[in-house]
Amino acid sequence: MKNKKIFLIIVVLVLHGREILSDDGVLFLDYYKHKCPLAEDIVRRDVEIAVRKDPRMAASLLRLHFHDCFVMGCDASVLLDSFGDMVSEKLAAPNVNSLRGFDVIDKIKYNLEEACPHTVSCADILALAARDAVVLRGGPTWEVWLGRRDSLKASFDGANIFIPLPNSSLETLIANFKEQGLDIGDLVTLSGSHTMGKARCLNFRQRAYEVSDEEYDDKYKRYRTFKRILQSICPERGRDDVVAPLDYVTPARFDNQYFINLVQGNGLLHSDNVLVSEDEQGEIIKKVWGFASDQDLFFTSFVNSIIKMGNIHVLTGIEGEIRKNCRFVDIKGEL
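Note that the structure is a prediction, hence the values are computed from the model and not measured.

**Comments concerning the side chain of aspartate 247**
Within the secondary structure layout, aspartate 247 lies in the loop between strand E4 (243-245) and helix H12 (257-263). Of the side chains with opposite charge, arginine 253 comes closest to the buried, unpaired aspartate 247, at an N-O distance of 8.6 Å. Polar contacts involving the side chain of aspartate 247 include one to the main-chain amide nitrogen of valine 249, which spans 3.0 Å. Residue contacts for aspartate 247: discarding those within four places in its chain leaves His194, Thr195, Asp255, Gln257, Tyr258 and Asn261.

Structure representation (structure tokens):
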């Protein structure tokens, strides 16, 4: 009975205090309040500078956090360069010539090391930068749970297996998210990240030239008009690196326009469009319509889902390390 009481007290403290339990450890709000009081300000300032210089960088920083968390958890493994026998995740198919923002993270880390040496993890930088990037583009804000530590290795194979591809089927997307402990609601919500940013022709060529059932009976030529636009940007061969906005209506803003586009059949990627075209049960379509008609509902769901994602398999306590340089592990002989 005594042990049960202690357990209940701990649960109450965690729920009503400044801690959150993930599957793998405990994260905290205000984790750096005393260790590095200006940590969040430094991250926010550097992200703002980067996004003002290159608005697309907001989407790139958010994507870095996503691609990090889907491989071994939110541990900054995506930032590691190849070294010795370890092959960087940057070279995996979903990332190579695609992921951006590494130099921005380097700049943030340099400034944090100047202010508070060996204190703020690269994994926490990714989580904070993602939040600040969303806010700077008009999206919601949230409190970031902190205290992650950095991995001692990367997983090239994991990046190739677990990161969803732009040509994925709905079944594959659901399986990818389920592998990370995320459900269909999280899948739809986090797909809304495609409300900003751009994609390469290589990644939307299939979408540009595939013919869906809707297009056979396209009385008002809505789908064909959108396809012609895509085909004018992306030919059937060549120009792989030419880019197009994921949301062609409000490409630089974080809003609910992505879902409006899906309802109209104008998702850029095949993996966007399947949320509607392959949903036989209607559960996902209902969520898409809900977000398309209510931006506040989308924002609330997004905050819940990205916090949930940010807690995937985190390293805490004495696990991993705090890297001095986000591109390399500090502890020798651990590779």
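Alright, that's what it looks like, and here's the rest.
**Some words on empty space enclosed by the protein**
With the rule as written, the count across this model stands at two cavities of 30 Å³ or more. Approximately 60 Å³ is the volume attributed to the largest cavity. Lining the largest cavity are His65, Ala127, Trp142, Glu143, Val144, Trp145, Arg148, Ile306, Ile307, Gly310 and Asn311. The class makeup of the residues in the lining of the largest cavity is six nonpolar, three polar and two charged. Here the second largest cavity is characterised by a volume of approximately 30 Å³. A class-by-class count of the residues in the lining of the second largest cavity yields four nonpolar, no polar and three charged.

**Some points on helix H7 (residues 170-179)**
If you check which residues of H7 are buried, you get Leu170, Leu173, Asn176 and Phe177. Down the axis, H7 shows its buried residues gathered within 120° of arc, on one side only. Of the exposed residues in H7, the ones pointing more than 90 degrees away from its buried face are Glu171, Lys178 and Glu179. Buried residues along H7 sit against helix H3 (57-69), helix H6 (156-162), helix H8 (184-191), helix H13 (270-277) and helix H14 (283-293).

**Thoughts on the side chain of aspartate 150**
With respect to the helices and strands, aspartate 150 occurs in the loop between helix H5 (122-136) and H6. Looking at aspartate 150, its side chain comes within polar contact range of the main-chain nitrogen of alanine 123, at 2.9 Å. Those residues in contact with aspartate 150 that lie beyond four places of it in its chain are Asp75, Ala76, Ser121, Cys122, Ala123, Leu315, Gly320, Glu321, Ile322 and Arg323.

**Concerning the environment of cysteine 69**
You can see cysteine 69 is positioned in helix H3. Under the relative-accessibility criterion, cysteine 69 is labelled buried at 0%. The spatial distance from the C-alpha of cysteine 69 to the C-alpha of alanine 127 is 9.7 Å, given a sequence separation of 58 residues. Residues contacting cysteine 69, with those up to four places away along its chain left out, are Cys74, Gln180, Met309, Gly310 and Ile312.

**Topic: the layout of surface pockets**
In this approach a probe as big as a water molecule rolls over the atoms, and the regions it shows empty are the leftover space. Quantified by volume, the largest pocket comes out at close to 880 Å³. Taken together, 39 residues form the lining of the largest pocket, with Arg63, His67, His194, Leu246 and Leu269 sitting closest to its centre. Listing elements by their share of the lining of the largest pocket, those giving two or more residues are H3, H7, H8, strand E3 (198-200), helix H9 (201-209), H13 and helix H15 (295-309).

**What to know about the UniProt feature "active site" (unreviewed entry) in the chain**
When the UniProt feature table is mapped onto this chain, "active site" (unreviewed entry) is found at His67. Filtering out sequence-adjacent residues up to four positions away, histidine 67 remains in contact with Pro94, Asn95, Leu99 and Ile163.

**Overview of the nonpolar core**
Among the nonpolar cores identified, the biggest contains 77 residues, and Leu79, Ile105, Leu112, Phe259, Phe302 and Met309 are the most heavily contacted of them. For this core, the element with the most residues is H5, which contributes ten residues. Sequence-distant contacts of leucine 112, that is, excluding residues within four places in its chain, are made with Cys36, Ala39, Ile42, Val43, Pro117, Val120 and Ile125. Among the nonpolar cores identified, the runner-up in size contains eleven residues, and Cys201, Leu230, Cys234 and Ala244 belong to it.

Reading the values: the criteria
Residues numbered from 1 in each chain as written. Predicted model: local features only at pLDDT ≥ 70, side-chain atom pairs only at ≥ 80, totals over all residues. Heavy atoms only, no water. Helix = DSSP H or I, 4+ residues; strand = E, 2+ residues; numbered from the N terminus. Buried < 20%, exposed > 50% of the residue type's maximum accessible area, 1.4 Å probe, protein only. Lys, Arg positive; Asp, Glu negative; His and termini not counted. Salt bridge = Lys/Arg side-chain N within 4 Å of Asp/Glu carboxyl O. Polar contact = N/O pair within 3.5 Å; in protein donor to acceptor, adjacent residues only side chain to side chain. Contact = heavy atoms within 4.5 Å. 1 Å grid on protein atoms, 1.4 Å probe; cavity = no way out; pocket = protein on both sides within 12 Å on 5 of 7 lines; lining within 4 Å. Points joined across faces, edges and corners; volume = space filled by probe spheres on them. Nonpolar A, V, L, I, M, F, W, Y, C, P; charged D, E, K, R; others polar. Arc of directions from axis to C-beta. UniProt positions renumbered as here; feature names shortened; annotations may be inferred. Core = buried A, V, L, I, M, F, W, Y, C linked by side-chain atoms within 4.5 Å.

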